[in-house]
Amino acid sequence: MSRRGYGQDCSIARALEVVGERWTLLIIRNAMVGDCRFDAFLSNLGLARNVLAQRLNTLVEAGIFERVPYKHRPLRHEYRLTARGRELAPVLTALMQWGDKHFAGDGQPERVTVHATCDHAVELVVVCPSCGGPVPADEVSTRSTTAPGSEAITPSTVDDDPAVAFAAAVLAGS
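The notes below deal with the structure included here.

Criteria and thresholds
- Residues numbered from 1 in each chain as written.
- Predicted model: local features only at pLDDT ≥ 70, side-chain atom pairs only at ≥ 80, totals over all residues.
- Heavy atoms only, no water.
- Helix = DSSP H or I, 4+ residues; strand = E, 2+ residues; numbered from the N terminus.
- Buried < 20%, exposed > 50% of the residue type's maximum accessible area, 1.4 Å probe, protein only.
- Core = buried A, V, L, I, M, F, W, Y, C linked by side-chain atoms within 4.5 Å.
- Contact = heavy atoms within 4.5 Å.
- 1 Å grid on protein atoms, 1.4 Å probe; cavity = no way out; pocket = protein on both sides within 12 Å on 5 of 7 lines; lining within 4 Å.
- Points joined across faces, edges and corners; volume = space filled by probe spheres on them.
- Nonpolar A, V, L, I, M, F, W, Y, C, P; charged D, E, K, R; others polar.
- Axes fitted to C-alpha atoms, helices over the stretch in contact; angles between N-to-C directions.
- Parallel < 35°, antiparallel > 145°, perpendicular 65-115°, else oblique.
- Salt bridge = Lys/Arg side-chain N within 4 Å of Asp/Glu carboxyl O.

## Comments concerning the environment of E123
Next, step 1: With respect to the helices, strands and loops of the structure, E123 is situated in the loop between α6 (89-103) and β3 (142-143).
Next, step 2: Accessibility expressed as a relative area gives 66% for E123, which makes it exposed.
Next, step 3: Separated by eleven residues in the primary sequence, E123 and V112 have C-alpha atoms spaced 9.7 Å apart.

Okay, structure coming up:
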């Protein structure tokens, strides 16, 4: 598998080793709206054939896609999202909503995520599983699960570590 190998013990870094390459999330986005064949990805995304092949191989190896024959003469495959791949829907929705908020300009967004049952727009919200309430971005922090007695990581406690400060700032909505 072609991975960057960030060399960090961090779930975000490990996830980016699979989905952090340019084009990868766009390939997954297109699969989520029904493009699942090589030629469809190629024509709709406009990336180089060898880059697409490499990204698809990485996604198959990572269990994001499964490669399924749809034609036998000549042999042709389509790339279907696995359960693991479909679990990226909230990630893409969050990225889309963030992009709509900060980079859409004055116009309407081109797409909106809707609840299939009632057809109303959905919004991603962080919810506390304990109290059931929504958690504003400035009330989110992280803490170590491996160091006994570790303090919560907040922007004020990580000024000396730029990578952790960045992650904490992102989580806090800065």
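## Regarding the nonpolar core
Next, step 1: Of all hydrophobic cores here, the largest spans 20 residues; its most connected members are I27, I28, F41, L52, L56, I64 and F65.
Next, step 2: When residues of this core are traced back to their parent elements, those giving at least two are α1 (11-19), α2 (24-32), α3 (38-45), α4 (49-61) and β2 (75-81).
Next, step 3: With four residues, α3 is the single largest residue contributor to this core.
Next, step 4: If sequence neighbours within four positions are ignored, I27 has contacts with F41, L45, L52, R55, L56, L59 and F65.

## Things to note about the layout of surface pockets
Next, step 1: Taken as a whole, the second largest pocket encloses approximately 840 Å³ of empty space.
Next, step 2: The wall of the second largest pocket is formed by 27 residues, among which R29, L92, T93, M96 and R111 lie closest to the centre.
Next, step 3: Listed by contribution, the elements that provide at least two residues to the lining of the second largest pocket are α2 and α6.
Next, step 4: Grouping the amino acids of the lining of the second largest pocket by side-chain chemistry returns 15 nonpolar, five polar and seven charged.

## Structural notes on the side chain of T24
Next, step 1: Along the chain, T24 turns up in helix α2.
Next, step 2: Not counting residues within four places of it along the chain, the set of residues in contact with T24 comprises V18, V19, R55 and L59.

## Notes on the packing of α2 against α6
Next, step 1: Contact geometry of α2 with α6 gives a least axis separation of 11 Å together with a crossing angle of 110°. Accordingly, the angle class assigned to the pair α2 and α6 is roughly perpendicular. Counting all contacts with α2, which are made through L25, I28, R29 and M32, the residues of α6 involved are A89, L92 and L95.
Next, step 2: For the contact of α2 with α6, the class distribution of residues is six nonpolar, no polar and one charged.

## Side note on the pattern of salt bridges
Next, step 1: Under the defined criterion, the tally for this structure stands at four salt bridges.
Next, step 2: For D9, the salt bridge identified is with R14, shortest N-O distance 3.0 Å.
Next, step 3: Residues participating in the shared-partner salt-bridge network are R37, E78 and R80.

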